[in-house]
Amino acid sequence: MSKAHILLIEDDLNLGFVIKDNLEMEGFSVTLCDDGDKGWHVFTQLNFDICVLDVMLPKKDGFTLAQEIRQKNTQIPIIFLTAKSMKEDKITGFRIGADDYLTKPFSIEELTLRIEALLRRSKPSINQQNQYALGKYVFDYPNLTLRYESQMQTLTQKEADVLLLLCKNAGKAMKREEILVQVWGSDDYFLGRSLDVFISRLRKHLNNDPTVEISNLHGVGFKLKTPSL
């Protein structure tokens, strides 16, 4: 399983490169920016799993940047880095929507552990309630919903049934006949055409996140690919 993509914004480039190098040695992918404007531009262009923001930044401070990030994405974890230890700053950060707060100086080991803990909480692969994290989507099978950030769409029962089967076998090839038998109870030509229609609908539902893909396996069936596979 690939490690997460981290947006690191730190105006002290010496410290920034030390953090970046150490996190990359842990297997993370890290994009480093040295001011808030650059950080916002990069955030809108690329997909990230977590943001690590210095509070005192040139051009746009960390609190302002975090507010903008929260308006665009309510789910992504945010960790603040700061040289200040004032209680008021921490309260401000948490009110904005920060998930964690580290006061400088801190150890890379502690930062790494906090990143990993937040990622475990924010991106569960599967839970007992049949909810699945698919890239930036959350699929809630019992409620027949697919959520992307603040957008919620309701699936038909058959759409949800097909997507549930693909989720349970994510990263694996699913034969057409297996899907037909398990969802429709029969494998025949006309049902096969119906399956193609449902796959097309699901692709449209998932097209906001290019890292989530239902791929065709010629002569075999389909495979659900997500960022963690």
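Residues numbered from 1 in each chain as written. Predicted model: local features only at pLDDT ≥ 70, side-chain atom pairs only at ≥ 80, totals over all residues. Heavy atoms only, no water.

**Quick look at the packing of helix α6 (residues 157-168) against helix α7 (residues 176-184)**
The N-to-C vectors of α6 and α7 enclose an angle of 130°; their axes lie 10 Å apart at closest approach. Classified by the angle between their axes, α6 and α7 sit oblique to one another. The two elements α6 and α7 cross, and the hand of that crossing is right-handed. The residues of α7 that touch α6, namely those facing Lys158, Asp161, Val162, Leu165 and Leu166, are Glu178, Ile179, Gln182, Val183 and Trp184. Considered class by class, the residues forming the contact of α6 with α7 number six nonpolar, one polar and three charged. (Axes fitted to C-alpha atoms, helices over the stretch in contact; angles between N-to-C directions. Helix = DSSP H or I, 4+ residues; strand = E, 2+ residues; numbered from the N terminus. Parallel < 35°, antiparallel > 145°, perpendicular 65-115°, else oblique. Left-handed = near helix turned anticlockwise from the far one by under 90°. Contact = heavy atoms within 4.5 Å. Nonpolar A, V, L, I, M, F, W, Y, C, P; charged D, E, K, R; others polar.)

**A closer look at the UniProt feature "modified residue: 4-aspartylphosphate" (unreviewed entry) in the chain**
Cross-referencing UniProt, the feature "modified residue: 4-aspartylphosphate" (unreviewed entry) maps to Asp54 in the present numbering. Judged by relative accessible area, which is 3%, Asp54 ranks as buried. The contacts of Asp54, once residues within four sequence positions are left out, are Ile9, Glu10, Asp11, Gly62, Leu81, Thr82 and Lys104. (UniProt positions renumbered as here; feature names shortened; annotations may be inferred. Buried < 20%, exposed > 50% of the residue type's maximum accessible area, 1.4 Å probe, protein only.)

**Focus: unusual backbone geometry**
Looking along the chain, the bond that leaves Lys104 and enters Pro105 is cis, with omega of -5°. The backbone of Lys59 sits at a positive phi, close to 75°, despite the residue not being glycine. You will see that Leu144, though not glycine, has its phi angle at about 55°, which is positive. Here Leu144 lies in the loop between β7 (137-140) and β8 (145-148).

**Some thoughts on the sheet that holds strand β2 (residues 29-33)**
Note on sheets: strands pair through backbone hydrogen bonds, and any given pair is parallel or antiparallel. Strand order in this open sheet of five strands is β2-β1-β3-β4-β5, and the pairing throughout is parallel. Edge positions in the sheet fall to β2 and β5 (100-103), since each of these pairs with one other strand and no more. Taken over all neighbouring pairs, the strand axes of this sheet differ in orientation by 20° on average, direction set aside. Pairing analysis gives four bridges linking strand β4 (residues 78-82) to β5, with the strands arranged parallel. Bridge pairing in β5 links Ile79 to Asp100. Each of β4 and β5 is contacted by helix α4 (residues 87-96), which is oriented at about 150° to β5, the strand it contacts most. (Pairing = 2+ DSSP bridges.)

**Re the nonpolar core**
In terms of nonpolar packing, the biggest core is built from 28 residues, with Leu134, Phe139, Leu163, Leu166, Ile179, Leu206 and Ile214 touching the most fellow members. For this core, the secondary structure elements donating two or more residues are β6 (131-134), β7, β8, α6, α7, α8 (189-205) and β12 (221-225). With seven residues, α6 is the single largest residue contributor to this core. One finds Cys33, Leu65, Ala66 and Ile76 within the second-largest nonpolar core, a separate group that totals 20 residues. (Core = buried A, V, L, I, M, F, W, Y, C linked by side-chain atoms within 4.5 Å.)

**Things to note about the environment of Thr211**
The residue Thr211 is located in the loop between α8 and β11 (213-217) in this model. Taking the relative accessible area as the measure of exposure, Thr211 reaches 32% and is therefore partly exposed. In sequence terms Thr211 and Pro227 are 16 residues apart; their C-alpha atoms lie 5.7 Å from each other. In contact with Thr211, other than residues within four places in its own chain, are Asn47, Gly135, Lys225, Thr226 and Pro227. A polar atom in the side chain of Thr211 sits 2.6 Å from the side chain of Asp209. (Polar contact = N/O pair within 3.5 Å; in protein donor to acceptor, adjacent residues only side chain to side chain.)

**Looking at helix α2 (residues 36-45)**
The complete set of buried residues in α2 reads Gly36, Gly39, Val42 and Phe43. Considered in projection along α2, the buried side chains sweep an arc of 125° and stay on one side of the axis. Where the residues of α2 are buried, they touch β1 (5-9), β2, β3 (50-54) and α3 (62-72). Of the residues flanking the start of α2, the one acting as N-cap is Asp35, its side-chain oxygen 2.9 Å from the backbone nitrogen of Asp37. (Arc of directions from axis to C-beta.)

**Focus: helix α1 (residues 13-25)**
For α1, with 13 residues, the first-to-last C-alpha span of 18 Å sits near the 18 Å given by 1.5 Å per residue. Sitting at the amino-terminal end of α1 is Asp12, which places a side-chain oxygen 3.2 Å from the backbone nitrogen of Asn14. A positive phi of about 100° marks Gly27, the residue just after α1. (Expected span 1.5 Å × (residues − 1).)

**Details of the pattern of salt bridges**
Within this structure, the stated rule accounts for 13 salt bridges. With a closest N to O distance of 3.9 Å, Lys59 and Asp35 form a salt bridge. Placement of Lys59 in the loop between β3 and α3 and of Asp35 in the loop between β2 and α2 is noted, with a sequence separation of 24 residues between them. Its relative accessible area of 66% is what places Lys59 among the exposed residues. By relative accessible area, which is 4% here, Asp35 ends up buried. Between Glu68 and Lys60 there is a salt bridge, with its nearest N and O atoms 2.9 Å apart. Linked by salt bridges that have partners in common, Asp34, Asp35, Lys38 and Lys59 make up one network. (Salt bridge = Lys/Arg side-chain N within 4 Å of Asp/Glu carboxyl O.)

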